[in-house]
2 protein chains.
Amino acid sequence: MSNQSVNPRTGEKFGPVFMSTSPEAINEIISQSVAAHTLWSATSPKERARGLGAIADALDSQTEALVDIADEETGLGRVRLSGEVARTTFQLRAFASTLEEGRFVSDEIDAAVAGAPPQGHPKFVRTVRGIGPVAVFGASNFPFAFSTLGGDTASALAAGCSVVVKAHPAHPQTAQLTFDIARAALSSTGAPTAVISLVHGFECGKTLVTDSRISAGAFTGSRAGGRALFDLAQARKYPIPFYGELGSVNPVVVLKSALDDPKTFVTAYLDSLLMGNGQFCTNPSVLFIPESNEFVQELHTQIVLREAAPFLSEATKKLHDSNRAQLLSSIDAVICQGKPVSESGFFSSALVAVVKAKDLAQGLTDIGEECFGPTGVVISYSSVEQVIEILSEMEGALSGSLFALFHDADVSRVLDSLASMCGRVAFNAWPTGVAVTYGQHHGGPYPASTSSLHTSVGTHAITRFLRPVTFQGLPDVL
Amino acid sequence: MSNQSVNPRTGEKFGPVFMSTSPEAINEIISQSVAAHTLWSATSPKERARGLGAIADALDSQTEALVDIADEETGLGRVRLSGEVARTTFQLRAFASTLEEGRFVSDEIDAAVAGAPPQGHPKFVRTVRGIGPVAVFGASNFPFAFSTLGGDTASALAAGCSVVVKAHPAHPQTAQLTFDIARAALSSTGAPTAVISLVHGFECGKTLVTDSRISAGAFTGSRAGGRALFDLAQARKYPIPFYGELGSVNPVVVLKSALDDPKTFVTAYLDSLLMGNGQFCTNPSVLFIPESNEFVQELHTQIVLREAAPFLSEATKKLHDSNRAQLLSSIDAVICQGKPVSESGFFSSALVAVVKAKDLAQGLTDIGEECFGPTGVVISYSSVEQVIEILSEMEGALSGSLFALFHDADVSRVLDSLASMCGRVAFNAWPTGVAVTYGQHHGGPYPASTSSLHTSVGTHAITRFLRPVTFQGLPDVL
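Summary of the structure given here. (Residues numbered from 1 in each chain as written. Chains lettered and ligands numbered in written order. Predicted model: local features only at pLDDT ≥ 70, side-chain atom pairs only at ≥ 80, totals over all residues. Heavy atoms only, no water.)

Section: the interface of chain B and chain A
Interface extent is often summarised as the accessible area lost during association of the parts. Listed as interface residues are 65 residues of chain B and, on the opposing side, 65 residues of chain A. Taken together, the two surfaces of chain B and chain A that pack against each other cover about 5300 Å², and 59% of this comes from carbon and sulfur. It is Leu453(B), Arg467(B) and Gln472(B) that lose the most area in chain B upon contact with chain A, and together they represent 12% of the buried surface on that side. Scanning the region where chain B abuts chain A turns up 0 salt bridges. Summed over the shared surface of chain B and chain A, the number is 42 residue pairs in polar contact (both at pLDDT 80 or more). At the level of elements, α4 (78-101), β3 (108-110), β4 (124-130), α8 (223-235), α14 (411-419), β16 (422-427) and β17 (466-472) of chain B are the ones that each hand at least two residues to the side of chain B that touches chain A. The element that contributes the greatest number of residues to the side of chain B that touches chain A is β17(B), accounting for 7 residues. (Contact = heavy atoms within 4.5 Å. Buried area = accessible area lost by both parts, 1.4 Å probe. Salt bridge = Lys/Arg side-chain N within 4 Å of Asp/Glu carboxyl O. Polar contact = N/O pair within 3.5 Å; in protein donor to acceptor, adjacent residues only side chain to side chain. Helix = DSSP H or I, 4+ residues; strand = E, 2+ residues; numbered from the N terminus.)

Structure below.
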């Protein structure tokens with residue numbers, strides 16, 4: 001099979017044709033990745049930090065070229081994409097700093113205790129090592145930060161693992177350019193060339209996660225695709241961890257105490273909802289507001305002025321349109337719609353469906369499916385109990401937000417409800433915009449993540465790829 | 001179905017008949033466990049520490065009664081079982097201390113950084129919470145330390161999770177007595193009664209891991225049984241972590257520099273191999289020695305004096321005998337055998353098969369299956385390369401040992417080989433006897449563990465049941 005870039009603004013193909021990497025070539029790539037892993041995992045954290053820093057510098061120096069091609073392939077716009085390159089290199093350097101500080105990777109010394117068991121024991125040194133070669137799947141919606149040299153790759157490299165990246169078909173040229181720059185930069189620091197590799201083609205996904213030499217997988221994307229790969233990874237003779245972020249319907253709860261200025265609030269809501277054409281896993285998918293005609297009126301007024309932005313691909317648009325139709329057929333909602341769209345390219349108008357909480361009894365499962373794109377659901381409630389009940393029936397989410405004055409009596413129980421289903425709870429903040437920092441947690445109960453213990457953003461992400469090995473009774477000289 | 005205790009020394013049934021817990025009863029038990037989890041997970045670490053301490057005190061005070069019944073059910077002997085109760089209560093207190101110190105459970109504060117992203121970010125507080133009700137499966141070979149109130153239960157309770165224990169059919173009375181003591185003690189501290197529950201019966205396993213209200217599973221036992229449960233847990237609509245320790249063939253490598261006294265060495269080897277009738281997951285299953293007639297002669301001389309000890313159950317003996325027959329049919333070995341056994345009860349003579357490394361080419365897969373019981377394989381090698389090659393083809397193991405003088409030139413590469421396949425590498429120490437301490441790692445690549453990132457012994461075990469939730473931008477007052 002082959003694949004070519006498509007400009008989502010026009011629907012036209014352009015650039016080189018990428019042939020799917022053949023099974024024979026993947027086999028050879030994995031062999032080299034195993035050999036590179038052995039060398040790379042034996043390097044010191046400081047050496048790996050140098051490698052990550054070199055990649056970051058090289059990507060920064062090529063930002064223009066990277067943004068040019070990514071914008072043509074994704075239609076996400078130069079401003080957003082420049083920011084994303086900066087975020088990506090910041091992320092690489094964050095892992096480099098983590099390694100330099102020895103965080104997560106330092107040996108833990110448990111000194112000998114004299115006496116008989118259970119109290120007495122010899123000295124233990126708990127070390128960690130890269131789990132083995134990792135298969136990373138590029139995401140459609142973040143051509144840099146969650147793709148070739150994104151957080152999964154950065155954290156796996158930091159852990160001492162070699163990485164085989166499967167390019168996302170929506171931006172193969174961006175993937176290839178990022179990879180070429182990164183591999184050259186990493187090699188220039190003395191790292192084995194095959195520490196990172198790139199493959200193209202749909203079939204590669206299955207080949208990678210079922211190959212016995214691959215030790216872990218990391219994925220951000222659709223629930224169907226991610227679950228299929230997860231299932232393959234778990235069904236192996238030797239199952240491997242497969243860290244999948246499979247989408248999220250993120251609740252945002254607004255208490256009356258925070259809704260004194262509906263106009264400003266609606267603007268902020270639409271900004272978050274329609275950012276990147278709504279193609280964010282942290283999109284504020286479901287907004288809970290106290291019943292308010294003024295809010296709905298304001299929504300109508302503002303959304304009609306919003307221009308449609310292109311989808312990442314035709315497939316993304318089709319899936320979105322189908323999910324939206326399904327959503328609208330299942331709930332009795334007031335529809336607020338954005339500007340009509342032109343014929344060419346991959347566009348759909350923004351849309352927010354407003355529904356009353358009390359009318360949702362039958363349709364709750366329908367708002368529970370992610371509608372990846374410029375579509376939102378507003379649930380107007382008459383009591384906080386309604387909100388809590390609906391939250392308790394929703395699936396696991398990456399993020400939940402609460403807008404309220406902090407002394408509002410309902411704050412505490414809404415936060416508890418959100419925390420019981422989300423990986424991150426934001427107070428008076430929209431869910432979009434996920435900071436890359438130590439305290440971040442970008443995960444959550446399934447389907448937000450296939451492993452709710454782990455994050456794919458922030459420096460804790462490195463722990464996904466570190467396998468502990470304890471040494472018992474080793475003389476200090478060793 | 002029903003189940004009754006069997007005395008493995010005589011093969012005779014005794015004591016009450018335990019009916020399998022009915023599906024309706026399990027359903028009710030899980031409902032109560034969910035409610036108890038909500039309350040328990042909201043307690044402070046110090047409160048949970050008090051609960052664990054109360055259980056430990058109560059079990060200590062009932063050691064006599066516990067050992068009486070466990071000895072009758074398992075035949076493991078009073079000395080070993082008294083030690084195991086002490087280990088179990090030490091373990092409960094170790095988790096209590098961990099909670100008191102706030103280790104693993106304290107909030108991590110990531111202060112706000114001024115400025116635009118990616119550098120700037122709001123304040124994050126990274127918290128952890130109990131993942132949800134945990135299903136714990138009692139193990140046959142440790143009626144206390146890996147059963148009802150063993151490490152899995154202790155770590156899950158410490159994490160703030162409620163626990164539903166499935167009693168092991170080989171020691172239902174021990175399970176019931178342990179449970180009764182623990183539940184009363186825990187309740188006396190004010191904890192909800194249903195924080196721990198006990199069910200009996202084979203079918204309960206499937207019911208528990210497939211119930212949508214159970215959030216994690218923990219298991220120590222056979223590969224077949226553990227894998228079946230793991231598969232069920234992963235195939236759920238909402239997959240859950242299933243921490244299975246599925247057995248291990250543990251390599252012990254002896255370099256020439258450590259073999260100056262074969263007589264003493266063989267004694268120590270047989271002590272480790274035959275401890276608890278060899279029914280340890282850390283049994284030194286495969287011993288690599290430099291070719292030495294003296295060692296083999298010494299093995300013959302000493303093993304014939306070793307008395308057989310009872311198996312834990314008839315099923316354990318049957319599986320062992322079958323695996324041993326399979327092993328012996330596939331390798332060309334010199335057989336060293338222990339004292340013959342009597343007819344009654346569940347006994348088999350100790351046996352060590354001595355085979356040359358160079359003859360193993362065809363039979364390597366056969367020594368790769370665990371032979372759970374008083375059976376060992378000794379591989380005599382002519383070069384360290386042979387050892388390293390065989391290690392590289394073995395499956396993941398809980399433990400690997402190296403006996404050598406520390407300045408031996410081969411030490412470093414053998415340690416590396418062991419570390420690449422084991423969770424714990426012991427230097428000049430036998431693998432049996434797993435200390436309960438912070439630095440311990442009792443896990444390893446599959447099948448040693450279904451999750452090589454995690455340990456089932458030592459205080460890090462708590463992390464298996466802690467789900468992170470990050471709070472973003474929360475005012476200090478909240």
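The discussion continues.
Focus on the state of the cysteines
Taken as a whole, this structure holds 0 disulfides over all chains when the rule is applied. Here Cys336(A) is not disulfide-linked; the sulfur of Cys371(A) is the nearest cysteine sulfur, at 15 Å. (Disulfide = S-S within 2.5 Å.)

Digging into the relation of the copies chain B and chain A
Once turned by 180° and shifted 0.0 Å along the axis, chain B lies on chain A with an RMSD of 0.0 Å. Taken together, the rotation and translation describe the operation of a two-fold axis. Relative to the rotation axis, the C-alpha of Gln234(B) is the closest in chain B, positioned 3.5 Å from it. An overlap of 100% is found between the interface residues of chain B and their copies at the interface of chain A, pointing to a shared contact surface. (Least-squares fit on C-alpha atoms with pLDDT ≥ 70 in both.)

Looking at the packing of helix α9 (residues 262-274) of chain B against helix α10 (residues 293-303) of chain B
Residues and elements named next belong to chain B. Where α9 contacts α10, the axes come no closer than 9 Å and their chain directions differ by 50°. When the interaxial angle is binned, α9 and α10 end up oblique. Crossing of α9 over α10 shows right-handed handedness. Residues Pro-262, Lys-263, Phe-265, Val-266, Thr-267, Tyr-269 and Leu-270 of α9 form the contact with α10, whose participating residues are Glu-294, Phe-295, Glu-298, Leu-299, Gln-302 and Ile-303. For the contact of α9 with α10, the class distribution of residues is 8 nonpolar, 2 polar and 3 charged. (Axes fitted to C-alpha atoms, helices over the stretch in contact; angles between N-to-C directions. Parallel < 35°, antiparallel > 145°, perpendicular 65-115°, else oblique. Left-handed = near helix turned anticlockwise from the far one by under 90°. Nonpolar A, V, L, I, M, F, W, Y, C, P; charged D, E, K, R; others polar.)

What to know about the sheet that holds strand β5 (residues 134-137) of chain A
Residue and element names in this part refer to chain A. Strands sit in the order β7-β6-β5-β8-β9 across an open sheet of 5 strands; the sheet is parallel. Two strands in the sheet have a free side with no partner beyond their single neighbour: β7 (196-199) and β9 (242-245). Neighbour to neighbour, the strand axes of the sheet diverge by 15° on average, direction disregarded. Strand direction decides the pairing type here: β5 and strand β8 (residues 216-220), joined by 4 bridges, are parallel. Bridge pairing links Ala-135 to Gly-217 in β8. Across the face of the sheet, helix α1 (residues 23-40) comes into contact with β6 (163-166) and β7 while running at roughly 165° to β7. (Pairing = 2+ DSSP bridges.)

Digging into a nonpolar patch on the surface
On the surface, Phe406(A), Val477(B) and Leu478(B) cluster together into a nonpolar patch covering about 280 Å² of accessible area. Position of Phe406(A) among the secondary structure elements: in the loop between β15 (397-403) and α14 (411-419). (Patch = residues over 30% accessible without salt bridge, like charges linked within 9 Å, V, L, I, M, F, W, Y side chains within 5 Å. Areas by Shrake-Rupley, 256 points an atom, 1.4 Å probe, with all protein chains shown as cover.)

A closer look at the sheet that holds strand β6 (residues 163-166) of chain B
Residues and elements named next belong to chain B. Reading across from one edge, β7-β6-β5-β8-β9 is the order of the 5 strands in this open sheet, with parallel pairing throughout. Of all the strands in the sheet, just β7 (196-199) and β9 (242-245) have a single pairing partner and so form its edges. Each neighbouring strand pair of the sheet contributes to a mean axis angle of 15°, computed without reference to strand direction. Two strands pair when backbone bridges link them, and β6 and β7 are joined in this way by 4 bridges, in the parallel orientation. By the bridge assignment, Val-165 is partnered in β7 with Leu-198.

Things to note about the packing of aromatic side chains
Considering all chains together, one arrives at 26 aromatic pairs over all chains under this definition. Arranged with centres 4.7 Å apart and planes meeting at 45°, the rings of Phe403(A) and Trp430(A) form a pair that is tilted. Of this pair, Phe403(A) sits in strand β15 while Trp430(A) is found in the loop between β16 (422-427) and β17 (466-472), placing the two residues 27 residues apart along the sequence. For Trp430(A), a relative accessible area of 15% puts it in the buried group. Relative to Phe146(B), the ring of Phe142(B) lies with its centre 4.8 Å away and its plane at 55°, an arrangement referred to as tilted. Owing to a relative accessible area of 8%, Phe146(B) belongs among the buried residues under this scheme. Connected via pairs of aromatic rings, a cluster forms that spans Phe265(A), Tyr269(A), Phe295(A), Phe403(A) and Trp430(A). Lying over the aromatic face of Tyr438(A), Arg103(A) brings its terminal NZ or CZ to 3.6 Å of the ring centre. Across the ring face of Tyr243(A), the terminal group of Arg464(A) is positioned such that the distance to the ring centre comes to 5.5 Å. (Phe/Tyr/Trp six-rings, centres within 6.5 Å; stacked < 30°, edge-to-face > 60°. Buried < 20%, exposed > 50% of the residue type's maximum accessible area, 1.4 Å probe, protein only. Lys NZ or Arg CZ within 6 Å of the ring centre and 35° of its normal.)

Points about the pairing of β9(B)
Residues and elements named next belong to chain B. Side chains Phe-242 and Gly-244 of β9 all project onto a buried face; the interleaved residues Tyr-243 and Glu-245 project onto the opposite face, where all are buried too. With 4 bridges connecting them, strand β8 (residues 216-220) and β9 associate as parallel partners. What sits directly across from Thr-220, in β9, is Glu-245. Note on the crossover from β8 through α8 to β9: the handedness is right-handed. (Right-handed = clockwise from strand over helix to strand, strands pointing away.)

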